[in-house]
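Next come the chains, spelled out residue by residue.
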Amino acid sequence: MKKLALSALVCALCVAPAYAATNVPIVFPKGSYCGSYTGQVAGKSFSLSVAKGQTIDVTVGGGELTKVLSPRGKSIYFEDNADGTYSLRTSQKGTYKFYITGGGGYADVNFCAS
């Protein structure tokens, strides 16, 4: 019985979410449509609350955008513009989460919504 419980625990750890991360909310300064973050990106997700139909542009210096989750937690498509910029159009109102990798775990990231 102990072996079965241990096996179940090990199996549960194997399927744990790969993107369990500390969330960093991105807030735009008053009157601005952009916000930024510079620093450690490893182990972090970045959240941005937007309206339906907005275009989000993300510029990453020293890293890359690897995943975007919709407000419902579904992985969604984003366009890689091949110059360190990425864009997507929101299909629903809510908070989107962005996952970024950086050289040495660090990056400069700029988020804009229009």
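I will try to describe carefully the structure that is included in this document. The residue numbers shown here count from 1 along each chain, following its written sequence. Two thresholds apply to this predicted model, a pLDDT of at least 70 for residue-level local features and 80 or more for giving and counting side-chain atom pairs, whereas whole-chain, interface and lining totals are computed over all residues. Only hydrogens and water are set aside when side-chain values are computed; all heavy atoms of the structure are taken into account.

Considering the side chain of Ser45
Argument step 1. Secondary structure is summarised from DSSP: a helix means a run of H or I of at least four residues, a strand means a run of E of at least two, and numbering begins at the N terminus for each. Within the element layout of this structure, Ser45 appears in strand β3 (residues 44-50).
Argument step 2. Here a polar contact means two N or O atoms within 3.5 Å. Within protein one must be a hydrogen donor candidate and the other an acceptor candidate, and residues neighboring in sequence count only if both atoms are side-chain atoms. Of the polar contacts made by the side chain of Ser45, one reaches the side chain of Asn23; its length is 3.2 Å.
Argument step 3. When checking whether two residues touch, look at their non-hydrogen atoms; a contact exists if any pair is within 4.5 Å. Contacts of Ser45, omitting those with residues within four sequence positions, involve Ala21, Thr22, Asn23, Val24, Lys97, Phe98 and Tyr99.

Things to note about the pairing of β3
Argument step 1. β3 sits mainly inside the fold: five of its seven residues count as buried.
Argument step 2. Inspection of the sheet shows β3 paired to strand β8 (residues 94-102) by six bridges, in the antiparallel sense. Bridge pairing in β8 links Leu48 to Tyr96. For every residue, the accessible area (1.4 Å probe, protein chains only) is compared with the maximum for its type, and the residue is labelled buried under 20%, exposed over 50%, or partly exposed between those bounds. Strand pairing is assigned whenever DSSP detects at least two bridges linking the two strands.

Topic: the nonpolar core
Argument step 1. In plain words, nonpolar cores are sets of buried Ala, Val, Leu, Ile, Met, Phe, Trp, Tyr and Cys residues tied together by side-chain atoms within 4.5 Å. Within the largest apolar cluster, 22 residues are counted, with the highest numbers of intra-cluster contacts made by Phe46, Val58, Phe98, Ile100, Val109 and Phe111.
Argument step 2. Elements with a minimum of two residues in this core: β3, β4 (55-61), β5 (63-69), β7 (85-89), β8 and β9 (106-113).
Argument step 3. Looking at this core element by element, the count peaks at four residues for β9.
Argument step 4. In this structure Val109 touches Gly35, Ser36, Tyr37, Val41, Val58, Thr59, Val60 and Ile100, once residues within four positions along its chain are discounted.

By themselves, these figures tell us nothing about what the structure is for.
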